[in-house]
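Residue-level listing of the chains:
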Amino acid sequence: MDQCATEIEDMQVLRPAKVCKILDISSKTLTRMLADGRLTGIRLGREHRIHRSSVERLLEGDHAVGD
């Protein structure tokens, strides 16, 4: 298992920068994915924390909408 996968397992929520790195996407794409439901998370003040489980589902090819 690579380092990113090991780090994901240790956290329940991830910071946006970490998710962008894991998925190799821009912050704008991440914002769109949160808005359309492909990723789920919570908002803490002005920042988001993305649910680890939604990132894992996306990487497995499942869609996070409807959970």
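Because the structure is predicted, anything quoted here is derived from the model rather than measured.

J.: Account for the pattern of salt bridges, with residues named and values stated.
T.: For the structure shown, the criterion picks out three salt bridges. Residue D36 pairs with R38 through a salt bridge whose shortest N-O separation is 2.9 Å. For the salt bridge of E47 with R49, the shortest nitrogen-to-oxygen distance reads 3.1 Å. Look at R49 and you get buried, because its relative accessible area is 14%.

J.: Explain helix 4 (residues 52-60) residue by residue, including any values.
T.: Every buried residue belonging to helix 4 is among R52, S54 and V55, and all of these are buried. The arc that holds the buried residues of helix 4, viewed along the axis, is 165°, so those residues lie on one side. At the exit of helix 4 stands G61, carrying a positive phi of roughly 100°.

J.: Can you lay out the nonpolar core for me, pointing to particular residues and giving the numbers?
T.: Across soluble globular proteins, you tend to see nonpolar side chains buried next to one another. Within the largest apolar cluster, ten residues are counted, these being L14, V19, C20, I22, L23, L30, M33, L39, I50 and V55. When contributions to this core are tallied by element, the ones reaching two or more residues are helix 2 (16-23) and helix 3 (27-36). Once you skip the residues sitting within four places of it in the chain, V55 turns out to touch L14, V19, I22, L23, L39 and I50.

J.: Run through the sheet that holds strand 3 (residues 47-51), naming residues and quoting values.
T.: Spatially, three strands are ordered 1-3-2 in an open sheet, and the strand pairing comes out antiparallel. Only two strands of the sheet have a single partner each, and these edge strands are strand 1 (13-14) and strand 2 (41-44). Pairing between strand 1 and strand 3: two bridges, direction antiparallel. Residue pairing across strands places V13 opposite H51, the latter belonging to strand 3. Where helix 4 meets the sheet, its contacts fall on strand 1 and strand 3, and the angle it forms with strand 3 comes to roughly 60°.

How each quantity is defined
Residues numbered from 1 in each chain as written. Predicted model: local features only at pLDDT ≥ 70, side-chain atom pairs only at ≥ 80, totals over all residues. Heavy atoms only, no water. Salt bridge = Lys/Arg side-chain N within 4 Å of Asp/Glu carboxyl O. Buried < 20%, exposed > 50% of the residue type's maximum accessible area, 1.4 Å probe, protein only. Helix = DSSP H or I, 4+ residues; strand = E, 2+ residues; numbered from the N terminus. Arc of directions from axis to C-beta. Core = buried A, V, L, I, M, F, W, Y, C linked by side-chain atoms within 4.5 Å. Contact = heavy atoms within 4.5 Å. Pairing = 2+ DSSP bridges. Axes fitted to C-alpha atoms, helices over the stretch in contact; angles between N-to-C directions.

Bear in mind that shape data such as this cannot, by itself, settle questions of function.
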